[in-house]
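Residue-level structural notes
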Amino acid sequence: MSSDAVAALDARHVWHPYTQHWQAPAPVDVVRARGATLHTRDGRAILDAISSWWVTLHGHAEPTIAEAIAEQARTLEQVIFAGFTHAPAAELAAALARVLPDGLTRIFYSDDGSTAVEAALKIALQWWHNRGEPRRLIAALEHAYHGDTFGAMSVGARSIFSAPFDPQLFEVARLPDPSEDADATLAAFDRLLDTRGRELAALIVEPLVLGAGGMRMWQESTLRALAERCRAAGVLLIADEVMTGFGRTGALFACERAGVAPDMVCMSKGITGGFLPMGATAVREELFAGFLSEDRTRTLFHGHSYTANPITCAAALASLRLLESGASAGARARIEAAHRRHLATLGAHPLVRAPRVLGTIAALDLGDARAAGGYLNPIGRELATYALEQGVLLRPLGDACYVLPPFCTTDAELARVYDVVARFLDGARATGTAA
Ligand SMILES: *Cc1c(COP(=O)(O)O)cnc(C)c1O
């Protein structure tokens, strides 16, 4: 098919995510990808510095995962998961339980990050309900992002994204953003526990990095302090590791870095190495046990048609095998070191604020402080446009620019990414557009 034909069909029939079609440029038509590089139909190579929305873990078209998928597709492609099981799902659950923080022994499969969060919220609320002491309140952080379905949106920050739906979203107790003022977060949580502790079913957090809220990084000690308070008050702690999981923060899970064992962990994005959609919610055995009863109304009546799809599970198992290799740990450490080297230089640029690194994730805020202005701040879009012209895929969150590369990304490739950012900022400074 020709470029023009694809563009015409797309323009006529496709509705893209997070896209204002009235003004968006024509989408880039990608025909294949390998490693950290996307290849377009018109022959350009684009360096994927954001892991295609944070999913591509090892690299595009990683051969061992591709092979595991092909093999599984020829063997068992799909089977109902109520009343049936299969080796890939059972093995993957065991493998996840082994690598997750202690005590997370049960895996509930779903389809993506949002559904992993929905399942966690429903498990928390029904667990309290089943105990006969209903608690209906969920606490969450300011600037949080947990997905785009209604429950996930409810616990996420209220924003321009949620505004049309705000009246339909359920009430959430909101704690201040710990990346801004951790003491305020803890003090607000203490007050909440004092006043409404008996209503509080769970606290949900993105451990150590508020991702879509602007790659806002927060301290391990704050996460530990929140976890201790949850434990003492009997409030469930849900760690949404959809973005941070599977090595992004250097360790396999952000909670592991902090030495925190939450009651539930939500996973998706990198779980299959970025090949196929999958969600998984890991829970402690006590939570699972709270649903066991002669009384059938205590069942978790929740599930999705493609739950634990065998091909997806096979991809996840192959990805985990790679992730646990010394080579992957070495690549993650190398990327972190490269981020730190580059930010040490770029961080001194007058149009760079708050350079920060956590494992393989690097971020900085663009423009001087007066220009800061949230998701609709144009400087991020300008950088994205410039970078794409230079053959680098970046997608800043408003004025927050981040580099979140697949683990195969070489030092030379990373140098190219940072060079593009530096050249953009020099240009912006020269023309005064960002000051
Ligand atoms: C992306 C993300 C989600 C939502 O995942 P989807 O697969 O896009 O539904 C949830 N939580 C966090 C922390 C995320 O980064």
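Here's what I pulled together on the structure shown here. (Residues numbered from 1 in each chain as written. Predicted model: local features only at pLDDT ≥ 70, side-chain atom pairs only at ≥ 80, totals over all residues. Heavy atoms only, no water.)

1. Remarks on the site of the ligand
As a reminder of what qualifies: The cutoff for a nearby residue is simple: one of its non-hydrogen atoms must lie within 4 Å of the molecule or strand. Reported accessibility uses the Shrake-Rupley method at a 1.4 Å probe radius. Residues are deemed covered only where the shown protein chains occlude them. Classes in brief: Ala, Val, Leu, Ile, Met, Phe, Trp, Tyr, Cys and Pro nonpolar; Asp, Glu, Lys and Arg charged; the others, Gly included, polar.
In the vicinity of the ligand, the residues found are W54, D112, G113, S114, Y145, H146, G147, E206, D240, V242, M243 and K269. For the ligand, whose unbound accessible area comes to 380 Å², protein coverage reaches 84%. Looking at the shell around the ligand residue by residue, the class counts come to four nonpolar, four polar and four charged.

2. Description of the environment of A331
Inclusion rule: Strands are runs of DSSP state E lasting at least 2 residues, helices are runs of H or I lasting at least 4, and numbering of each runs from the N terminus. Type-normalised accessible area, obtained with a 1.4 Å probe on protein chains alone, sets the label of each residue: buried when under 20%, exposed when over 50%, and partly exposed for intermediate values.
With respect to the element layout, A331 can be found in helix α12 (residues 326-346). Assessed through its relative accessible area of 14%, A331 is described here as buried. Once the C-alpha coordinates of A331 and W218 are considered, the two residues, 113 residues apart in sequence, prove to be 24 Å apart.

3. Concerning the sheet that holds strand β1 (residues 30-34)
The cut-off we apply is this: Whether two strands pair depends on DSSP finding at least two bridges between them.
Spatial strand order, β1-β2-β3-β15: four strands in an open sheet with mixed pairing. Edge positions in the open sheet fall to β1 and β15 (392-393), since each of these has one partner strand only. Here strand β3 (residues 45-48) pairs with β15 via two bridges, running parallel. Bridge pairing in β15 links L47 to V392.

4. Quick word on the pairing of strand β11 (residues 264-267)
Side chains M264 and C266 of β11 all project onto a buried face; the interleaved residues V265 and M267 project onto the opposite face, where all are buried too. Examined bridge by bridge, strand β10 (residues 236-240) and β11 share three bridges and lie parallel to one another. Pairing of A239 across the sheet is with V265, part of β11. Relative to strand β12 (residues 279-284), β11 runs antiparallel, the two sharing four bridges. Within β12, the residue paired with M264 across the bridge is V283.

5. Observations concerning empty space enclosed by the protein
Selection criterion: Residues are called lining when one of their atoms sits within 4 Å of a cavity or pocket point, these points coming from a 1 Å grid over the protein atoms alone, where a cavity is a set in which a 1.4 Å probe fits but cannot get out and a pocket is an open set with protein on both sides within 12 Å along at least five of seven lines. Grid points are joined across faces, edges and corners, and a volume is the space filled by probe spheres set on the points.
One pass over the full model with this rule turns up two cavities of 30 Å³ or more. Here the largest cavity defines a volume of roughly 40 Å³. Around the largest cavity, the lining residues are L343, L346, A362, A363, L364, C401, Y402, V403, Y418 and V421. Partitioning the lining of the largest cavity into residue classes produces 10 nonpolar, no polar and no charged. Approximately 30 Å³ is the volume attributed to the second largest cavity.

6. Re the pattern of salt bridges
Cut-off, in case you're wondering: What makes a salt bridge here is a side-chain nitrogen of Lys or Arg within 4 Å of a carboxyl oxygen of Asp or Glu, nothing more.
Under the criterion given, the structure shown has 22 salt bridges. Residue R257 is joined to E220 by a salt bridge in which the shortest nitrogen-to-oxygen separation is 3.2 Å. Of this pair, R257 sits in helix α9 (residues 254-258) while E220 sits in helix α8 (residues 220-233), placing them 37 residues apart in sequence. Look at E220 and you get partly exposed, because its relative accessible area is 24%. Taking the shortest distance from any N to any O, the salt bridge between D419 and R423 comes out at 3.1 Å. Of the two residues, D419 and R423 both sit in helix α14 (residues 411-431), four residues apart, roughly one turn of that helix. According to the relative accessible area criterion, D419 is partly exposed, its value standing at 38%. On the basis of relative accessibility, which here comes to 38%, the residue R423 falls in the partly exposed class. Within the structure, one salt-bridge network assembled from shared partners comprises E67, E71 and R74.

7. Some details on the environment of E256
Short version of the rule: Note on contacts: a residue pair qualifies if any of its non-hydrogen atoms lie within 4.5 Å across the two residues.
With respect to the element layout, E256 can be found in helix α9. It is 19 Å that separates the C-alpha atoms of E256 and I335, two residues lying 79 residues apart in sequence. With residues near it in sequence (within four places) discarded, E256 still touches V99 and A251.

8. Thoughts on the state of the cysteines
Definition in use: In what follows, a disulfide is any cysteine sulfur pair within 2.5 Å.
One pass over the full model with this rule turns up zero disulfides. There is no disulfide at C255, and the cysteine sulfur nearest it, in C266, is 10 Å away. The exposure class of C255 is buried, given its relative accessible area of 1%. The class for C266 is buried, based on a relative accessible area of 0%.

Bear in mind that shape data such as this cannot, by itself, settle questions of function.
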